[in-house]
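# Observations on chain architecture
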Amino acid sequence: MNLDTLYWEEFCKHYWLEPTEQEILSFLQLALQHQAEMTVDIETDSADRITAQIRLIQLAMTIPTGADGAMEEWAIAIPVRHMDGTDWWPEGSGVLERLRPWIIRVLNELPLAGQFFQYDTHILPRDGWMTAWNKPWTDLTILFRATKNHDLQKNLGAIIARLFPAPRHKGDVDHKSVDNVDDIILAKYGIKDVIYEMRCLAPLREQVTKCDSWPTANLDAQLLPVWREMGALGIVINERIRGEYSSRFNKEVTRLTLEFQELVGKRINPGSVQQLQELFFRDWGYKPVILPDGTELDESTAVIWDDEELGSTSAAALIQLQKKRPVTAQHAKAIDILLEMRSYAKLKGTYTDKLQTYDVDTAEWNAEYGRVPEVKERVITASKSGLYDQYEDAITLPERPFLSRLMPVYLSHTIPTGRAASNGPNVQNAPAQGKANIREMWCAPPGHVIVGADFDQLEARLYAATTGDKLILKAIREKLDIHSMNAATLLAKDPSEFWGAYHKVYDSHKKKEKFAKFWRTLAKRHFFAEAYGCEIDVLYDMLSNARNRVTGQLEFPELTMDDVIVYHERCHRDHPEIREWHADAHATTKE
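Figured I'd write up the structure that's included with this text. (Residues numbered from 1 in each chain as written. Predicted model: local features only at pLDDT ≥ 70, side-chain atom pairs only at ≥ 80, totals over all residues. Heavy atoms only, no water.)

Counting its secondary structure elements, the chain contains 20 helices and 15 strands. Each of the three principal axes of the chain carries a C-alpha extent, and together these read 75 × 65 × 65 Å. Classification of the 591 residues of the chain by burial places 47% in the buried group. Across the chain, contacts joining residues at least 24 apart in sequence account for 68% of those joining residues at least 6 apart. For the chain, the computed accessible surface area is about 30,200 Å², with 52% contributed by carbon and sulfur atoms. Once the 69 positive and 87 negative side-chain charges of the chain are each reduced to a mean point, those two points are 6 Å apart. (Helix = DSSP H or I, 4+ residues; strand = E, 2+ residues; numbered from the N terminus. Buried < 20%, exposed > 50% of the residue type's maximum accessible area, 1.4 Å probe, protein only. Contact = heavy atoms within 4.5 Å. Areas by Shrake-Rupley, 256 points an atom, 1.4 Å probe, with all protein chains shown as cover. Lys, Arg positive; Asp, Glu negative; His and termini not counted. Charge placed at Lys NZ, Arg CZ, Asp CG, Glu CD.)

For helix H5 (residues 156–163), a buried count of six out of eight residues is recorded, marking the element as mostly surrounded by other parts of the structure. Those residues of H5 that fall on the buried side of the exposure criterion are Leu156, Gly157, Ala158, Ile159, Ile160 and Leu163. Lining the buried residues of H5 we find helix H4 (140–145) and helix H6 (183–211).

Time to look at the nonpolar core. Soluble globular proteins tend to bury their nonpolar side chains together. Judged by nonpolar contacts, the single largest core of 45 residues is most densely connected at Phe260, Phe280 and Leu321. Those elements giving two or more residues to this core turn out to be strand S7 (235–238), helix H8 (239–264), helix H9 (273–283), helix H10 (315–324) and helix H11 (329–353). When residues in this core are grouped by element, the largest group, ten residues, is from H11. Dropping the residues within four chain positions of it, Phe280 is found in contact with Gly285, Tyr286, Thr313, Leu318, Ile335 and Leu338. In this structure, Ile103, Leu112, Tyr119 and Met130 belong to the second largest nonpolar core, which totals 40 residues. (Core = buried A, V, L, I, M, F, W, Y, C linked by side-chain atoms within 4.5 Å.)

In this section: the environment of Ala516. Within the fold, Ala516 resides in helix H17 (residues 514–531). Accessibility expressed as a relative area gives 1% for Ala516, which makes it buried. In sequence terms Ala516 and Ala487 are 29 residues apart; their C-alpha atoms lie 8.6 Å from each other. Setting aside anything within four residues of it in sequence, one finds Ala516 in contact with Val505, Ser508, His509 and Thr521.

With that settled, consider the pairing of strand S3 (residues 54–63). A large share of S3 lies buried, amounting to nine of its ten residues. Note that strand S2 (residues 38–44) and S3 share six bridges and pair antiparallel. Considered in S3, the bridge of Thr39 is made with Ala60. Of the pairings in the sheet, the one linking S3 to strand S4 (residues 72–79) comprises eight bridges and is antiparallel in character. (Pairing = 2+ DSSP bridges.)

Looking at where Arg405 falls in the secondary structure, it is placed in strand S13 (residues 403–406). Nearest to the buried, unbridged Arg405 among oppositely charged side chains is Asp361, at 4.7 Å. One polar contact links the side chain of Arg405 to the main-chain carbonyl oxygen of Val360, over a distance of 2.7 Å. (Salt bridge = Lys/Arg side-chain N within 4 Å of Asp/Glu carboxyl O. Polar contact = N/O pair within 3.5 Å; in protein donor to acceptor, adjacent residues only side chain to side chain.)

Strands pair in a sheet through their backbones, by hydrogen bonds, and they do so in one of two ways: parallel or antiparallel. Read across the open sheet, the three strands follow the order S7-S13-S8; overall the sheet is antiparallel. For this open sheet the edge positions go to S7 and strand S8 (357–358), each flanked by a neighbour on one side alone. Taken together, the four bridges between S7 and S13 define a ladder with antiparallel strand orientation. Directly across from Ile235, in S13, lies its bridge partner Leu406. Contacting S7, S8 and S13, H8 runs over the sheet at an angle of about 65° to S7. (Axes fitted to C-alpha atoms, helices over the stretch in contact; angles between N-to-C directions.)

A grouping of Phe455, Leu458 and Leu462 is seen on the molecular surface, where their side chains present a nonpolar patch of about 330 Å² in accessible area. Residue class for Leu462 comes out exposed when judged on its relative accessible area of 51%. (Patch = residues over 30% accessible without salt bridge, like charges linked within 9 Å, V, L, I, M, F, W, Y side chains within 5 Å.)

With that settled, the discussion passes to the packing of helix H16 (residues 498–510) against H17. Between H16 and H17, whose axes approach to 7 Å, the crossing angle comes to 120°. As judged from the angle between their axes, H16 and H17 are oblique. In this structure, H16 crosses over H17, and the sense of that crossing is left-handed. Contacts from Lys504, Val505, Ser508 and His509 in H16 reach Phe515, Ala516 and Arg520 in H17. (Parallel < 35°, antiparallel > 145°, perpendicular 65-115°, else oblique. Left-handed = near helix turned anticlockwise from the far one by under 90°.)

Where helix H15 (residues 482–491) contacts H16, the axes come no closer than 8 Å and their chain directions differ by 130°. Accordingly, the angle class assigned to the pair H15 and H16 is oblique. Here the hand of the crossing between H15 and H16 comes out right-handed. Every residue of H16 that contacts H15 at Ser484, Met485, Ala487, Ala488, Thr489 and Leu491 is listed here: Phe498, Trp499, Ala501, Tyr502, Val505, Tyr506 and His509.

Turning next to the packing of aromatic side chains. For the structure shown, the criterion picks out 17 aromatic pairs. Here Phe249 and Tyr344 contribute two aromatic rings whose centre-to-centre distance is 6.1 Å and whose plane-to-plane angle is 50°, an arrangement assigned as tilted. Here Phe249, found in helix H8, pairs with Tyr344, found in helix H11; they are 95 residues apart in sequence, far enough to count as distant. Under the relative-accessibility criterion, Phe249 is labelled buried at 0%. On the basis of relative accessible area, Tyr344 is assigned to the buried category, the value being 1%. (Phe/Tyr/Trp six-rings, centres within 6.5 Å; stacked < 30°, edge-to-face > 60°.)

Peptide bonds are mostly trans, and most non-glycine residues show a negative phi. A cis amide bond links Gly424 with the next residue in sequence, Pro425, at an omega value of -5°. With respect to the element layout, Pro425 can be found in the loop between strand S15 (421–423) and helix H13 (458–467). In this model, Asp68 sits at a positive phi of 55°, which is unusual for a non-glycine residue. With respect to the secondary-structure elements, Asp68 resides in the loop between S3 and S4. Not every positive phi belongs to a glycine, and Lys512 is a case in point at roughly 60°. Relative to the elements of secondary structure, Lys512 occurs in the loop between H16 and H17.

Side chains carrying opposite charge are able to pair once their charged atoms draw close together. One pass over the full model with this rule turns up 24 salt bridges. Between Arg242 and Glu239 there is a salt bridge, and its shortest N-O distance comes to 3.1 Å. Of this pair, Arg242 and Glu239 both sit in helix H8, separated by three residues, roughly a single helical turn. Glu239 matches Arg242 in its accessibility class, with the two residues each being buried.

Structure (structure tokens):
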């Protein structure tokens, strides 16, 4: 078989979907004999790393077993459980116990490869299928990120589509998630995955070599076990504080919902898209700015709008509605209240009520602290206008241990710039100040302390080292505050006012005054947008729409396009290196 081509509907010559014990053993022994690189994938009944149960362990390798030592593909799907969760092998047969030492040897001793393998290397050691917890591996997502396609999606389907002339991987549906999938279909699904992952390795490595980006790929590969172990260690949560925040957010959502209802003059569910559409576009008669499918309606858009079609009520759509339509003061206030309510509702859902925590290795800690009682609250708020007697909302957090673990997933391949991201939830974006300091819930268990560390203004320092920005380099050498310096750029009408503006902002910053917080925040966002090459219209759109993650209120409500034009000119006055760097980057890219 030509391994440079992806045969979409063909399997390799040697594959087993429902192997016997002897066929599995022969495959594993052959792999050890050839010391083959092993591509590994598992199928589980859940994406939850803590509770997921393995159904299949798929292995694939390329070894010289053909005529005259030609390379051939070998693949096998080792069954562990049926789709209904029952054991695959008969009770008491001892098959898995006899195979386990061989599987452990293969996974411990051979070089491994896979796609998003952090998940697999958490589950396999957890269930005793490998013991080399810190063993490095080759990850397709990391290799793909080190190619010229680093800004694209990094799932297997996207990788295949870029490497081979093949249909979209898996079509329109993830078949293993569809009801009534039987064992053989799951085996075909899994073994195709692992074969395609194996076939992607060689062309990806070739592309990384062409891009001369092995240092990046190797560094990312070294960090993969670190990200996995950070997620496995988790964050310890104080459940009492979590309950307090849940109650606090609920009261804010209740209060704001009532204010919204009173302002619009009717009992309306602000969580109902249909009711909001009826309110904004039928009752109030506004022409939409953005349709539900994302289409923008303005003078430059050649879209025929049906008067009966209702617009989007997303945050972006409502913000644009305020800007581009003659919205009354009362209606504008209602939109602001609605957006603030949504912010609290999102915090409540993401970081308190629906937060998935676990009682993993917490028994010893909770022996000292006990349990937290159930949070069940009914909030009744009287209407000021007498329009409504009350508004009720009930929330519940079950009785739970005083300390639990939050176990997010850290991802090193999703952000093109290379920084880590996280989900389940996004702990890096958890509010850390103000009325919703979510990180107050994070605590050290008995006998431990939390140590905080941060790179001081790292991105600005990297920018300065790359571009040779004289002003930022001066700030670094003389230990000046970079963000206060960038704020001074926005404030200084001419260079003679620069240092006076800097000391005004920096002195205010040391006193923790609102003046410094406003200008440093604005300057930070403006400067990095300029450094990344944003045009003036994008700058204005980004800054004028920026909202506080907690309150949902506009960060810079008085900002105008004229302000942004002035700030743009002042930025390039003080940092001429930005344009020089952009020009060099564009020239290099064209070459």
